Amino acid sequence: MKNPLISRRRFFQAGAGLAAVSSLTAQSSEVHADSFKAQDAEHAVADKKLDLSPAQWLWYPCERVLQNTVILFRRQFSITLPIKSARGWILGDSRYKLFVNGTYIQYGPAPADPRWAEADPIDIKPFLKPGDNVIGAQVLYFGQGDGTWPMGKPGFIFRLEIELSHGTRQLIYSDPAWFACIATSWRPGTYKRWYLRAFQEEFDARCYPYGWTTPDYKMSDDWLPAMTLQGAADKPALATNADDYLYNSGGLNETTQLRRRSIPLMRESTMPAKRLAESHWLEWRRPAREYFDCKTPNAFRAASGPACRTVDDGWEIHLDPHRAAVLTFEFTEQIVGWPGFEIDAPAGTTIELMVQEAHRPFGTSNMAPGLMNNKFHSWTRFICREGVNVFETFDYESFRWLQLHICNADGRVVLKYVGARRRLYAWPNNALVSVSSSKIQKVIDAAINTMHNSAQDLIVDGMARERQQYSGDVGHVLHASILAFGAAEQVARYLNTFSQGLTKDGYFMDCWPAYDRLNRIAQRQLDLTPWGPLLDHGVGFNFDCYHYYMYTGDLVALEEVFPRLLRFYAYLKSLIREDGLLPTDDIGTPAVWIEHGVSKRHIKCSFNLYVAAMLKHAFAEICRAKGERSVAEDAIRTSTVLVKNTIAHFWSPTHRLFISNLPWLHEEGEIKLHDRTLATAILFDFCPENDSEASVKALVERPKELHLSYPANAGWQLWALGKAGRVDKILDDLEGRWFDMPSVGQNNTLGEWFDLQPDSHNQWCHAPVAPLYVMYMTIAGIKPLTPGMQRLEIRPQLDRLDAFHLICYSPAGPISLKGKGKKGERDMEIVLPPGCQAELVVPQQEKLQFRKIAATATENRFELNNGISHNFRLNHI
């Protein structure tokens, strides 16, 4: 199968000055979101709008659409002249697969807020021919909430413009000339897989109309003329009259808009399984279908194999009605994609395909399970027609292990071509980071593969569990996306789609577009969950917007986002209580998280410092860039008040530290420290009289009273150590607990926790890519001084890394930094692209030939000119 991908590679550029932030006395002023000029936002969305007229929204003729219904849409037409081009747009809610003349073309769409759904571009000239042609779309409607789909309505829309020789144009679009068929091979109305996966797939090949996407196919009575839905071609399916009987949503939201896809289509490539790891037999004590439906305890007994023998390029299995065969396959590394296989089997043979991130093959341990059904019910069922069947899951999975449970057959079965179609973001560039430490290199490589799996059309925390897009601990991924890959478009889409989840009250649904927080809002009303929308993720989102602006200089991508930031700021201000601080409990529907395993009152200090840092160093700067200086000044005043009151409540002059439980120390007896609090204080100079020595010492020595953040939040500690000049401790950490993380060695990924267990719900591929972005931001010391990286600071701290090389992508082009040699005799090379000036910051004792532009008692600052290579030796670092 071949997938033509349309790739647009563009790194946003714009110019603006960055004003210095001054300290202001505290006073209050009112902030209005409507102070932002609405016409600017309207101009920003003009390029996103898409009108597919005269196309119409279609569905199968019916009055009720069950959850997990798959509809096949078919259009046959003729072309009489040679084809010059064939481009257009497609969108199916919730997911589609496009076929042309029997060939698979692409999968989509990118998950989006249903009010602003994005249609995918198509370019199918190579697959059309003079004569009869068929376009087929296989559309799955979830109906129930998913980590990648909050809600919506069923619908399909399509528009193709074919340019023929001599300038003739032929238009093919969705209208009543299309035919539709319910694909009963996927039984409509099937249950959800679990809370955040809508589709528990069961595919019966005996019911599938094979060949339906080819011109020779003869339609049966099951094919009906497609039903048109009342709705505009410049609006999403949500704005049609389709009946939403599951959620009872109604009304035509005037703010809805159909938009163009804002990132390239994913790249897809085939990947075979590395090996058959083991096979064994299974005897069922309860019906297998009951087990997979309900996970009945003690439903089977596993017996040692082997259950197959190798034949040619596959495996032969002899089944009988009394037992099932289980074959387990291992892949080289963890991937995201569509697992599949070929099987020659009798009709009715049933295969459950299970996936897992980490697994103990049966027989290797007393704890090794007989079936790998231990990851959020991550199985798909296939039922064979007679003969050769080629199966692939409809939705993508994240896995390194694949297991096939084969049953309901009597006789010979041959299995072949076990593998997957991997999906990756269409990165503009490959990441290049090379270091002399083999352990750190392994961690960096794992971080890069983690980026492949977690940063796709959404930036998510883990594809094997939620597939939800978060800010906060996950938003840090943007540093790696831009600096290591140059993928500004990916980050711009993240900022826009996440911001669309702003509630009417003014806080963000901190994973969006996704189902989870919509449901949590209802649960919070009944005290059924601690997981309300997380305010600290909204705080982190402001930092994300600021970093994006500084890296790219692009304000256009923030036009829709900025009014939402203003509303969030007004909401935060409304929460400040009599003690002059923001609360972390009893807020109502939202919640404050900051970190796992810390009580609500113990995160109050950290949260208030975090908000204060955001207001002064991120939100205020964006306001200035947008011309909202009065709002920026108000934000700085609010920041000053929060810092002042946090010091009053949580700073201990005796310990010279922010103590998380200082107000309750007489109750609790022992002090509690948090690395996030100390790191924030160090990074943003919040310690009184800039006395950060004790804070740095605590981060270095890690006393028992210090709570350490989990991996996705570890970047704060590493940044703070870098600012304090303790890169040695960063390298120790990377060579220690990061290298020892089980997922690094086994899956080539970074996991959710430093301690991970196989055959569990643990996320072996999460989003803690701090080791990658710290290479750029702290070890290489690259920091934009002006928006768009037109002027940079480079503060290299290679410490014991005898060899170091990375490429950093800027709007002006790639920046190369190399270091070779031991500390004290290190040869450096920095290559800057045209249009990118840099300031090299080194210790005061380093004497270099470049023009000195500033000096302090501890460091010198030298000018590096753009467009040339700079070679020099460092004799002290």
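Residues numbered from 1 in each chain as written. Predicted model: local features only at pLDDT ≥ 70, side-chain atom pairs only at ≥ 80, totals over all residues. Heavy atoms only, no water.

Draft legend 1. Representation of the overall build of the chain within the structure. Check the secondary structure of the chain and you find 17 helices and 39 strands. In terms of overall dimensions, the chain is globule-like: its C-alpha atoms have a radius of gyration of 29 Å, near the 29 Å expected for 877 residues. Each of the three principal axes of the chain carries a C-alpha extent, and together these read 85 × 65 × 60 Å. In the chain, buried positions account for 63% of the 877 residues. Long-range contacts, defined as pairs at least 24 residues apart, comprise 75% of the intrachain contacts of the chain with a sequence gap of at least 6. As displayed, the chain has an accessible area near 31,800 Å², and 49% of this comes from carbon and sulfur atoms. Charged side chains in the chain number 96 positive and 99 negative. The centres of these two groups are separated by 3 Å. (Helix = DSSP H or I, 4+ residues; strand = E, 2+ residues; numbered from the N terminus. Rg over C-alpha atoms; globule rule 2.2 N^0.38 Å. Buried < 20%, exposed > 50% of the residue type's maximum accessible area, 1.4 Å probe, protein only. Contact = heavy atoms within 4.5 Å. Areas by Shrake-Rupley, 256 points an atom, 1.4 Å probe, with all protein chains shown as cover. Lys, Arg positive; Asp, Glu negative; His and termini not counted. Charge placed at Lys NZ, Arg CZ, Asp CG, Glu CD.)

Draft legend 2. Geometry of the pattern of salt bridges. If you walk through the whole model with that rule in mind, you get 65 salt bridges. Between Glu290 and Arg286 there is a salt bridge whose closest N-O contact spans 2.7 Å. Asp732 serves as the salt-bridge partner of Lys729, at 3.7 Å between the closest nitrogen and oxygen. Separated by 3 residues within a single helix, Lys729 and Asp732 lie in helix α15 (residues 727-740), roughly one turn from each other. Of the residues examined, Asp732 reaches a relative accessible area of 34% and is grouped as partly exposed. (Salt bridge = Lys/Arg side-chain N within 4 Å of Asp/Glu carboxyl O.)

Draft legend 3. Highlighting the pairing of strand β8 (residues 155-164). Of all the 10 residues making up β8, 8 are buried; the element is thus mostly covered by neighbouring parts of the structure. Bridge count between β8 and strand β9 (residues 169-173): 5 bridges; the pairing is antiparallel. Each residue of the ladder has a partner; that of Glu163, found in β9, is Arg169. (Pairing = 2+ DSSP bridges.)

Draft legend 4. Looking closely at the nonpolar core. Core analysis: the biggest nonpolar cluster contains 158 residues, and Phe619, Leu772, Met775, Tyr776, Phe804, Leu806 and Leu840 have the highest contact counts within it. The element contributing the most residues to this core is helix α9 (residues 604-625), with 14 residues. Other than its neighbours up to four places away in sequence, Phe804 contacts Ser434, Val435, Met775, Ile779, Ala780, Leu798, Leu817, Lys818 and Gly819. If you look at the next biggest cluster of nonpolar residues, it comprises 102 residues, including Val100, Trp149, Val336 and Val413. (Core = buried A, V, L, I, M, F, W, Y, C linked by side-chain atoms within 4.5 Å.)

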